[in-house]
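The primary structure of each chain is shown beneath.
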Amino acid sequence: MLIPFSMKNCFQLLCNHQVPAAGFKQTVKNGLILQSVSNDVYQNLAVEDWIHDHMNLEGKPILFFWRNSPSVVIGRHQNPWQECNLNLMREEGIKLARRRSGGGTVYHDMGNINLTFFTTKKKYDRMENLKLILRALNAVQPQLDVQATKRFDLLLDGQFKISGTASKIGRTTAYHHCTLLCSTDGTFLSSLLKSPYQGIRSNATASIPSLVKNLLEKDPTLTCEVLMNAVATEYAAYHQIDHHIHLINPTDETLFPGINSKAKELQTWEWIYGKTPKFSINTSFHVLYEQSHLEIKVFLDIKNGRIEICNIEAPDHWLPLEIRDKLNSSLIGSKFCPTETTMLTNILLRTCPQDHKLHSKWNILCEKIKGIM
Ligand SMILES: Nc1ncnc2c1ncn2[C@@H]1O[C@H](COP(=O)(O)OP(=O)(O)OP(=O)(O)O)[C@@H](O)[C@H]1O
């Protein structure tokens, strides 16, 4: 059963400030099951941050269910250009989020359930959580063949991934979050998680692509709601708590003071792109000039999301060295980011040579560079 959560009680519970109302005590004492009413990936990730930062979880584990509108979520130490198709995401209006936990890139939509298990650092146990999910799956459909792997994935029929895991361990508290594929758009998932960019070199964490499958394909009764209720029931039985799922609104400042600034921070260029580990791009393309194909090489070093080194190599008779140098230096310091190309265009327009012929070559180069972003 879903219960809209009383703001006052939640704040009391989460911050441990006051003794909650009598009927609430039992829940407070042993743990709690929450579900977000929001489908915004940044708001939901902000709830994780907030609980992780503010909670005293001693003896009060929390399970948090959340689902997002279509989004790609990369791990803390990943490179979005290496992991996904940013151009396709832009065209389709898919959000990109960087989470605080490590691991690989996953696709979320309303057919994917996210489960976050909050505990103290001492009680943090990913396999225990996955076993709990397995028991819930077994309760709703005993015929399913699902196993947990050493990488803490859940595999259906020995080969199809239905759940991926990541975690964050703090000084005293920790969380383990995992996905559960129920009815996700699989075609979209695979096309979004395919990088078209070439020549990237980096030490960022690389994802490990797997074959995926939805639980609903095995059994049409396994909807997200059925699965969440089944996991909530198992969780409640395991922790001996009330099995009710409490609905929370992640934009509610009374409930979570300061949460909106956390959600805002997760949407900033500085966090999403700026936190990409240093990387380089070494690529080339051809231009047709006086009936021959000329090779233009582009080398970029990107640090903290900004171009640190830019080196464009082109035959001198096509674009003189001083013009290339001008272009190279005008790009240094700019944000390397698909959403910042207008700013880049302005920089390039300001520094563009007046000469008509050079101007068109300059434009070709600028378009190519924007195309890499
Ligand atoms: N929502 C999802 N649930 C399960 N698997 C997914 C989902 N979205 C994508 N995948 C698959 O998982 C692959 C990424 O797995 P990877 O193991 O790198 O990351 P992870 O599961 O998030 O975390 P970790 O690296 O910590 O296991 C994707 O390339 C895709 O094949």
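Worth saying up front: this structure is predicted, and the values here are computed from it rather than measured. (Residues numbered from 1 in each chain as written. Predicted model: local features only at pLDDT ≥ 70, side-chain atom pairs only at ≥ 80, totals over all residues. Heavy atoms only, no water.)

Once that is clear, we can look at the nonpolar core. Core analysis: the largest hydrophobic core is formed by 72 residues, its most contacted members being L96, W318 and F336. Element by element, the count of residues in this core is highest for helix α3 (residues 41-54), at seven residues. There are two domains that each give this core at least three residues, and those are domain 1 (32-273) and domain 2 (279-372). The residues contacting W318, other than those within four sequence positions of it, are V287, Y289, L294, I296, K361, I364 and L365. By size, the runner-up hydrophobic cluster in this structure holds 33 residues, among which are L137, I162, L180 and L215. (Core = buried A, V, L, I, M, F, W, Y, C linked by side-chain atoms within 4.5 Å. Buried < 20%, exposed > 50% of the residue type's maximum accessible area, 1.4 Å probe, protein only. Helix = DSSP H or I, 4+ residues; strand = E, 2+ residues; numbered from the N terminus. Domains from an automatic or database assignment. Contact = heavy atoms within 4.5 Å.)

Another aspect to go through is the sheet that holds strand β9 (residues 154-156). Backbone hydrogen bonds hold the strands of a sheet together, and the pairing may be parallel or antiparallel. Taken in spatial order, the three strands line up as β8-β9-β10 in an open sheet, and their pairing is antiparallel. Here the strands that pair on one side only, and so sit at the sheet edges, are β8 (146-148) and β10 (160-163). In this sheet, neighbouring strand axes are inclined to one another by 35° on average, regardless of whether the strands run parallel or antiparallel. Pairing analysis gives three bridges linking β8 to β9, with the strands arranged antiparallel. Opposite Q147, over in β9, you have L155 as the bridge partner. (Pairing = 2+ DSSP bridges. Axes fitted to C-alpha atoms, helices over the stretch in contact; angles between N-to-C directions.)

This brings us to the environment of H52. Residue position: H52 is located in helix α3. In this structure H52 comes out as buried when scored by relative accessible area, which is 11%. The spatial distance from the C-alpha of H52 to the C-alpha of S261 is 15 Å, given a sequence separation of 209 residues. Not counting residues within four places of it along the chain, the set of residues in contact with H52 comprises F118, K168, G170, T173, A174 and Y175.

Here the focus is unusual backbone geometry. Located in the positive-phi region is Q291, a residue other than glycine, with phi close to 65°. Of note, Q291 is situated in the loop between β15 (279-289) and β16 (292-303). Here the phi dihedral of N304 falls at roughly 50°; this positive angle occurs in a residue that is not glycine. Looking at the element boundaries, N304 is found in the loop between β16 and β17 (306-313).

As a further point, take the pattern of salt bridges. Throughout the structure, instances matching the rule amount to eleven salt bridges. Salt-bridge contacts for D153 lead to R151; the nearest nitrogen and oxygen are separated by 3.3 Å. (Salt bridge = Lys/Arg side-chain N within 4 Å of Asp/Glu carboxyl O.)

A word on the packing of helix α12 (residues 321-331) against helix α14 (residues 356-372). Running from amino to carboxyl end, α12 crosses α14 at an angle of 40°, the nearest separation of the two axes being 12 Å. Accordingly, the angle class assigned to the pair α12 and α14 is oblique. Considering how the two elements wind past one another, α12 and α14 form a crossing that is right-handed. In this structure, α12 uses I323, K326, L327 and L331 to contact α14, whose residues at the interface are L358, W362, L365, C366 and I369. (Parallel < 35°, antiparallel > 145°, perpendicular 65-115°, else oblique. Left-handed = near helix turned anticlockwise from the far one by under 90°.)

As a further point, take the layout of surface pockets. Over the atoms a probe the size of a water molecule is rolled, and this reveals where empty space is left. For the largest pocket, the calculated volume is near 770 Å³. Along the wall of the largest pocket there are 40 residues; nearest its centre are T105, V106, K161, L193 and I208. Elements with a minimum of two residues in the lining of the largest pocket: α4 (80-83), β6 (106-108), β7 (112-120), β10, β11 (165-169), β12 (173-181) and α7 (186-192). Split into classes, the residues belonging to the lining of the largest pocket amount to 17 nonpolar, 17 polar and six charged. Volume-wise, the second largest pocket comes out at about 250 Å³. Around the second largest pocket, the lining is made up of 17 residues, and of these P61, T119, K123, Y238 and H239 lie nearest the centre. Contributions of two or more residues to the lining of the second largest pocket are made by β7, α6 (126-140) and α9 (224-239). (1 Å grid on protein atoms, 1.4 Å probe; cavity = no way out; pocket = protein on both sides within 12 Å on 5 of 7 lines; lining within 4 Å. Points joined across faces, edges and corners; volume = space filled by probe spheres on them. Nonpolar A, V, L, I, M, F, W, Y, C, P; charged D, E, K, R; others polar.)

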